[in-house]
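# Per-entry structural report
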Amino acid sequence: MEAWLFVSPSAIGFLIFFLGPLCAVVYFSMTEWNLLTQQAAFVGLANFKNALLENPDFWHVVRNSVIFALGLVPLNMALALTLALALSRPFFGVVFFRTVFFAPVVTSAIAWAIVWKFLLQGEGGFINQMLAIVGISGPNWLREPNWAMAAVIVTRVIKMVGLNMILYIAALQAIPRDYEAAARLEGASRWQIFRMIIWPLLAPTTLIIMVITTIGSFKVFDHIYQMTGGGPENGTLVLAFYIYQQGFKFFNIGYASALAMIMFVIVMMLTIVQVMLRRKGAE
Amino acid sequence: MTQRQIRILYRTCWTIALLIVAIPFMFPFVWMVSAGFKSTTEIFGAPTLIPRVWRWQNFIEVFTYQPFARQYFNSLYIAILVTVLTLIISSLAGYALARMRFAGAGLLMLFLISALMVPEEVTIIPNFFLIRSMGLVDTHWPLILLPVFGPQGVMATFLMRQYFLALPKELEDAGKMDGLSRFGVWWRIALPMSRPAIAAVAIITFLSSWNLFLEPLIFLSSLEMFTLPLALSNFNDSYGLPLWNLQLAATTLAVVPILIVYLIAQRQIIESFALSGVKG
C-alpha cells in the first residue's frame, strides 16, 4: 500500500492525461465532428476510408513524410558516425568540436528555424549571396517544393546530429582498445579495422539510433511550422503538421483523430521492430 | 618525412576538415547576433559580419512590440516549475518501481513503457478538449500538466528507476534498521546518492519545457501568456512577413543565455543527454 503513495501522483496524472486521451482518440477517430458546427456523429471507419482511399492529400503527406525520413535518417547517421569516429579519442580541440556539434541540440527548434529561414531567403539571403560570389545563382530555397524539402532536411540534420554523435561516441569508447591494437599487430589497415571490428561491434547502437531517428523524423513539427509552414504548395506538409492543420486549423476533429491513430500505428510498428532487433542483438 | 611529421600532417588535415564541417553549426548563431543589431536596410544589403551601424534600438523595440519581458518570465517560471514537479513525481515513482514490491507494479511498468512510445501529437486532440472542459485554455496549466505527466515525465521516471536500481541496497537497509520510514529512506539516503540522475533529469526537463512549442501554440491566445518560442515566431508585420531584425534580436535574447550556460556546463549537459538517449 505504501508503494502506491509513491506512485499515485504519477499514476493518476498518467490516467488523466495519457490513458484517457488515448482511449478518447480511438473514439474520436470514428466520429464526424466539426468543431464549428458543434455536432458529433458516429461514422465508424469512414475517416480512415477517407484518408486511405479518398483524400489525395493523405498520400501526398505520407509521401512527404517518407521522403523526409529517407533523406534525414541516412544523412544524420552517416554524419553522426563520421563525427563520432573523429571525436571519440582525445586530441587537442576535441572538447571544442564536441561542444560545437552538440550546441544546436540544446537550442530551440523555433530559434534554429528562424535563423535558417533568414539565411535561406531567395533574394538577399546570406546563402545565396555567398553562392553569387562563386557565380552560382541560388534558388529561392523555401519557395520551391523540392528545394524547401531539401532545406528542411539538411537544417534538421544539423540541428539534431549531435545527439546521435554522442550516442556513437559512447558506444565507440566502450569498445576495448586491445581489439584494435591486436588487429594492428596483425597488419590490418584502418579501413579493415573499421569494417571488420568496429562496425560489427557498433551494430546494436546503429539499430537503436536508426529507429529512434526514424520515429523522431515522423514527429517533426515545430521546425517545419516555423521554416515553411508546410509549404510551398504543401511540399513540406508532413504527417505531424497535417494532424495539427486538420485538427486545430480546420477543426476536422474526427479526421484529425484518425490521422493521429495512423501515426500511432506507424510509431508502434517502428518500436516493435526496434524491440525485436534489440532481442536479436542480445542473443 | 618522419613518422612524427606524417602524424602531425594527418592531424592538421583532420582538424581543418572538422573546422569546415563546424561552420553550419556555429555560423547561424554568429549571424543571428550580428543581424539582431542591424537596421532593416542593412540586413538585406551586402553581407557584413560586423554591423556598420549598431542598432541597439532593436533590443528595446523587441520589448515594445509585444510584452517580451512578460513572455520571457513565463518561459522561465514554467520551465522551473515543470522541472521541480517532474523531479518530485518521477523520483517518487521511480523509487517505488525500483525498490518496492506491490500489486499492479508490472501493469504500471507496461503502461509507462507504452507511454514512452506514443508521440504527444496522438493524444493532443483529446487533451485539448480535456483542458477546455477544465476551463484552462489560455492558462499555463496545460504547459505544466501535459509535460509532467506525458512522455517526458515517463522518461524521467525510467531514468530515476534505472539509477535507483544500480545503487547499493545495503545503505538503505541500514537506514531502515535505524528506524527510517520508506519515505525517510527515499529522502535521506536514496535521493542524496542520486545526484547525477537528478541533474540529468533536471537539465533535460528544463530544456524541453523551455523549447516546448506545440502545447503553447494550441492552448495560448493572449500575448501576455505566450512563452518564448511562440513569441519568437510572432514577430511579423501586418502582412504576416517577418520583422527580421526584431525577430533575430529577440531570438538572440532567448538563445544566448542558454548557450552561455551550455558552454559553462557542456560536459554535464552532454552526459545527461547521452544517459537519457541510451535509455530512451
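Residues numbered from 1 in each chain as written. Chains lettered and ligands numbered in written order. Predicted model: local features only at pLDDT ≥ 70, side-chain atom pairs only at ≥ 80, totals over all residues.

### So, the overall build of chain B
Within chain B, the regular secondary structure consists of 15 helices and 0 strands. For chain B, whose C-alpha radius of gyration is 24 Å, the value lies well above the compact-globule estimate of 19 Å for 280 residues. Across the 280 residues that make up chain B, the buried fraction comes to 41%. Expressed as a percentage of contacts within chain B between residues at least 6 apart in sequence, the contacts between residues at least 24 apart total 73%. (Helix = DSSP H or I, 4+ residues; strand = E, 2+ residues; numbered from the N terminus. Rg over C-alpha atoms; globule rule 2.2 N^0.38 Å. Buried ≥ 20, exposed ≤ 12 C-beta atoms within 10 Å, placed from the backbone. Contact = placed C-beta atoms within 7 Å.)

### As for the overall build of chain A
For chain A, the count of helices and strands is 12 helices and 2 strands. For chain A, the succession of helices and strands along the chain, N to C, is α-β-β-α-α-α-α-α-α-α-α-α-α-α. Oriented by its inertia axes, the alpha-carbon framework of chain A measures out at about 75 × 70 × 35 Å. Considering chain A as a whole, with its 283 residues, one finds that 43% of them fall into the buried category. Expressed as a percentage of contacts within chain A between residues at least 6 apart in sequence, the contacts between residues at least 24 apart total 67%.

### A few points about the nonpolar core
Counting residues in each nonpolar core, the largest one holds 155 residues, and the members touching the most others are Val238(A), Leu259(A), Ala260(A) and Leu159(B). If you tally residues by element for this core, the top one is helix α7 (residues 145-173) of chain A, at 15 residues. Those residues in contact with Val238(A) that lie beyond four places of it in its chain are Val61(A), Asn64(A), Ser65(A), Phe68(A), Val220(A) and Ile224(A). (Core = buried A, V, L, I, M, F, W, Y, C linked by C-beta atoms within 7 Å.)

### Overview of the interface of chain B and chain A
Each partner contributes to the interface: chain B provides 67 residues, whereas chain A provides 66 residues. If one sorts the elements of the side of chain B that touches chain A by residue count, helix α1 (residues 3-36) of chain B sits on top with 12 residues. By residue class, the composition of the side of chain B that touches chain A is 53 nonpolar, 11 polar and 3 charged. (Nonpolar A, V, L, I, M, F, W, Y, C, P; charged D, E, K, R; others polar.)

### A few points about helix α6 (residues 120-133) of chain B
Residue and element names in this part refer to chain B. Between its terminal C-alpha atoms α6 stretches 19 Å, which fits the 20 Å expected from 14 residues at 1.5 Å a residue. The sharpest bend along α6 comes to roughly 35°, located at Pro-126. Burial of α6 is extensive: 10 of the 14 residues sit out of reach of the surface. The set of residues buried in α6 consists of Glu-120, Glu-121, Val-122, Thr-123, Ile-124, Ile-125, Pro-126, Asn-127, Phe-128 and Ile-131. Note on α6: the residue one or two positions beyond its end, Gly-135, has a positive phi of about 70°. (Expected span 1.5 Å × (residues − 1). Bend = angle between axes of the 7 residues up to and from the residue.)

### Things to note about the environment of Leu85(A)
All names here are of chain A. Structurally, Leu-85 can be placed in helix α3 (residues 56-87). Under the C-beta neighbour-count criterion, Leu-85 is labelled partly exposed, with 16 such atoms within 10 Å. Separated by 84 residues in sequence, Leu-85 and Ile-169 place their C-alpha atoms 7.2 Å apart.

### Let's talk about the packing of helix α1 (residues 2-28) of chain A against helix α7 (residues 141-149) of chain B
It is the contact of α1(A) with α7(B), at a shortest axis distance of 9 Å, that shows an interaxial angle of 105°. Considering the angle they form, α1(A) stands roughly perpendicular to α7(B). Each of Gly13(A), Phe14(A), Phe17(A) and Phe18(A) in α1(A) lies in contact with α7(B), whose residues at this interface are Leu145(B), Leu146(B), Val148(B) and Phe149(B). A breakdown of the residues in the contact of α1(A) with α7(B) according to their chemical character gives 7 nonpolar, 1 polar and no charged. (Axes fitted to C-alpha atoms, helices over the stretch in contact; angles between N-to-C directions. Parallel < 35°, antiparallel > 145°, perpendicular 65-115°, else oblique.)

### Concerning α1(B)
With 34 residues, α1(B) extends 49 Å between its outermost C-alpha atoms, agreeing within 8% with the 50 Å of an ideal straight helix rising 1.5 Å per residue. Residue Ile23(B) marks the point of greatest curvature in α1(B), where the axis turns by about 45°; the proline Pro24(B) follows within four residues. Listed in full, the buried residues belonging to α1(B) are Pro28(B), Phe29(B), Met32(B), Ala35(B) and Gly36(B). Those residues of α1(B) that are buried are in contact with α5 (109-119) of chain A together with α2 (40-43), α3 (57-65) and α14 (244-264) of chain B.

### Looking at the environment of Val154(B)
Residues and elements named next belong to chain B. On the secondary structure map, Val-154 appears in helix α8 (residues 151-166). Residue classification places Val-154 among the buried positions, given that 24 C-beta atoms sit within 10 Å. Residues Val-154 and Thr-252 lie 98 residues apart in sequence; the distance between their C-alpha atoms is 32 Å. In contact with Val-154, other than residues within four places in its own chain, are Leu-112, Ala-115 and Leu-116.

### Looking at the packing of α1(A) against helix α4 (residues 68-99) of chain B
Where α1(A) contacts α4(B), the axes come no closer than 8 Å and their chain directions differ by 135°. When the interaxial angle is binned, α1(A) and α4(B) end up oblique. In the packing of α1(A) onto α4(B), the handedness of the crossing is left-handed. Where α1(A) abuts α4(B), its residues Ala3(A), Phe6(A), Val7(A), Pro9(A) and Ser10(A) lie against Ile89(B), Leu92(B), Ala93(B), Tyr95(B) and Ala96(B). Its residues assigned to classes, the contact of α1(A) with α4(B) shows 9 nonpolar, 1 polar and no charged. (Left-handed = near helix turned anticlockwise from the far one by under 90°.)

### A closer look at unusual backbone geometry
All names here are of chain A. For the bond from Gly-231 to Pro-232, the omega torsion is -10°, close enough to zero to count as cis. Mapped onto the fold, Pro-232 is located in the loop between α10 (222-227) and α11 (239-249). In this model, Asn-234 sits at a positive phi of 60°, which is unusual for a non-glycine residue. Mapped onto the elements of the fold, Asn-234 is located in the loop between α10 and α11. Backbone geometry places Phe-251, a non-glycine residue, at a positive phi of 60°. If you trace the backbone, Phe-251 turns up in the loop between α11 and α12 (253-282). For Phe-251, a count of 14 C-beta atoms within 10 Å gives the class partly exposed.

### Thoughts on the confidence of the model for chain B
For chain B, the mean per-residue pLDDT works out to 91, and 99% of the residues sit at or above 70. Note on the complex model: pTM 0.92, ipTM 0.92. (pLDDT = per-residue confidence, 0-100.)

### Observations regarding the environment of Met263(A)
By the element assignment, Met263(A) lies in helix α12. Look at Met263(A) and you get buried, because 21 C-beta atoms sit within 10 Å. Along the chain, Met263(A) and Ala240(A) lie 23 residues apart, while their C-alpha atoms are 8.1 Å from each other. Aside from chain neighbours lying at most four places away, what touches Met263(A) is Phe218(A), Leu239(A), Ile243(A), Pro119(B), Glu121(B) and Val122(B).

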